[in-house]
Amino acid sequence: MNRKQIIAGNWKMHKTLQEAEETVATLANMLSNSKTEAEVFIAAPFPFLFSLISRFGNTHMQFGAQNISEHAKGAYTGEVSAAMLRSVDAFFTLVGHSERRQYFQETDHKINEKIKQALAEKLEVILCCGETLEMRKTGKHFDVVVAQLQNALQDIRAEQMQYIHIAYEPVWAIGTGETASPDQAQEMHACIRALLHNIFGGQVAMNTRILYGGSVKPENAGELFSMPDIDGGLIGGASLQAGDLMKIIDSSPHSTH
Ligand code: PGA
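Residues numbered from 1 in each chain as written. Predicted model: local features only at pLDDT ≥ 70, side-chain atom pairs only at ≥ 80, totals over all residues. Heavy atoms only, no water.

Q: Would you explain the site of the ligand in this entry?
A: Taken together, 13 residues lie near the ligand, and Lys 12, His 97, Glu 169, Gly 175 and Ser 215 sit nearest. Between the ligand and Lys 12, the relevant distance is 2.7 Å, taken from an oxygen atom to a side-chain nitrogen or oxygen of the residue. Within the contact set of the ligand, an oxygen atom lies 2.9 Å away from a backbone nitrogen or oxygen of Gly 236. Protein chains bury 95% of the 280 Å² of accessible surface belonging to the ligand in isolation. In terms of residue class, the shell around the ligand is made up of four nonpolar, seven polar and two charged. (Near = heavy atom within 4 Å. Polar contact = N/O pair within 3.5 Å; in protein donor to acceptor, adjacent residues only side chain to side chain. Areas by Shrake-Rupley, 256 points an atom, 1.4 Å probe, with all protein chains shown as cover. Nonpolar A, V, L, I, M, F, W, Y, C, P; charged D, E, K, R; others polar.)

As structure tokens, this is what we get:
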């Protein structure tokens, strides 16, 4: 298997610019002493991106957004377009995080439009999916995740999939301290890879990075990342401190620290 793992931090609505710069400076320093082969992504709040990319754009980290507009431009007060992100050299964007789905009424259709906007501006995408506790309890979790991905990836071509990474984040595990067991996560990741095989064929299925998210921390990262279909993580709470995030990065099996 030669999929390079991705360790992505999702800072959500935390930190001031000064705090963000301090964390990234510490992390850059730690990364310069690490032999990790994992790709490190930071999804920062919009107002920090220009500064972080200007100051730290040539380090081991890639910076991106947590959300993107489904429109190219126009009278959409408060929105940020793919072209704007491209113009500050953002590398990627998260799309369809469960908090966006839950609090901002993002539908699969809207998520599909957002992906198309991102790709048009050559931004990589981390597409999030995942079931609620109730869906899991009623045994619908596989169907729900498959439907989310089928809809979100509507009209996407196989060759575009090299720019799309998937993050499986069970909603019941996000910010709760509750983590999917490595077996539960592996089972869903294998299901997602089988779906990619059905839609796009073997090559895409084999090459797509599928990240796990939901209360990943230094103590559980190593076991999760060693599962065959888990290609890294999307990390919220534990990405806010450089030391914790670095421990998680060093848990990636492709790290040769
Ligand atoms: P968490 O968040 O690591 O704090 O659970 C993960 C996420 O929401 O991406």
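Q: Looking at this structure, how should I read the packing of helix α7 (residues 141-152) against helix α8 (residues 182-200)?
A: To characterise two packed helices, one gives the angle between the axes of the helices and the distance between these axes. Two numbers describe how α7 lies on α8: the axes approach to 10 Å, and their chain directions differ by 40 degrees. As summarised for this structure, α7 and α8 are arranged oblique, according to the angle between their axes. Between α7 and α8 lies a crossing whose hand is right-handed. Contacts from His 141, Phe 142, Val 145, Val 146, Leu 149 and Gln 150 of α7 reach α8 at Glu 187, Met 188, Cys 191, Ile 192, Leu 195 and Ile 199. (Axes fitted to C-alpha atoms, helices over the stretch in contact; angles between N-to-C directions. Helix = DSSP H or I, 4+ residues; strand = E, 2+ residues; numbered from the N terminus. Parallel < 35°, antiparallel > 145°, perpendicular 65-115°, else oblique. Left-handed = near helix turned anticlockwise from the far one by under 90°. Contact = heavy atoms within 4.5 Å.)

Q: I would appreciate a short explanation of the pattern of salt bridges in the present structure.
A: Pairing is possible between side chains of opposite charge, provided their charged atoms come close. In the structure shown here, the tally under the stated rule is 14 salt bridges. Close ionic contact of Lys 116 with Asp 155 constitutes a salt bridge, the shortest N to O distance being 3.2 Å. With Lys 116 in helix α5 (residues 108-120) and Asp 155 in the loop between α7 and β6 (164-168), this pair connects stretches of sequence that are 39 residues apart. Exposure remark for Lys 116: the relative accessible area of 30% places this residue in the partly exposed category. Within the structure, one salt-bridge network assembled from shared partners comprises Glu 70, Arg 100, Glu 106, Lys 110 and Lys 114. (Salt bridge = Lys/Arg side-chain N within 4 Å of Asp/Glu carboxyl O. Buried < 20%, exposed > 50% of the residue type's maximum accessible area, 1.4 Å probe, protein only.)

Q: Mind showing me how you'd approach the packing of helix α10 (residues 218-225) against helix α11 (residues 242-250) here?
A: Two elements in contact, α10 and α11, have axes whose closest approach is 8 Å; the angle formed by their N-to-C orientations is 20 degrees. As far as their axial angle goes, α11 and α10 are roughly parallel. For the crossing formed where α10 meets α11, the hand is right-handed. Residues Pro 218, Ala 221 and Phe 225 of α10 touch α11, and the partners they reach there are Asp 244, Lys 247 and Ile 248.

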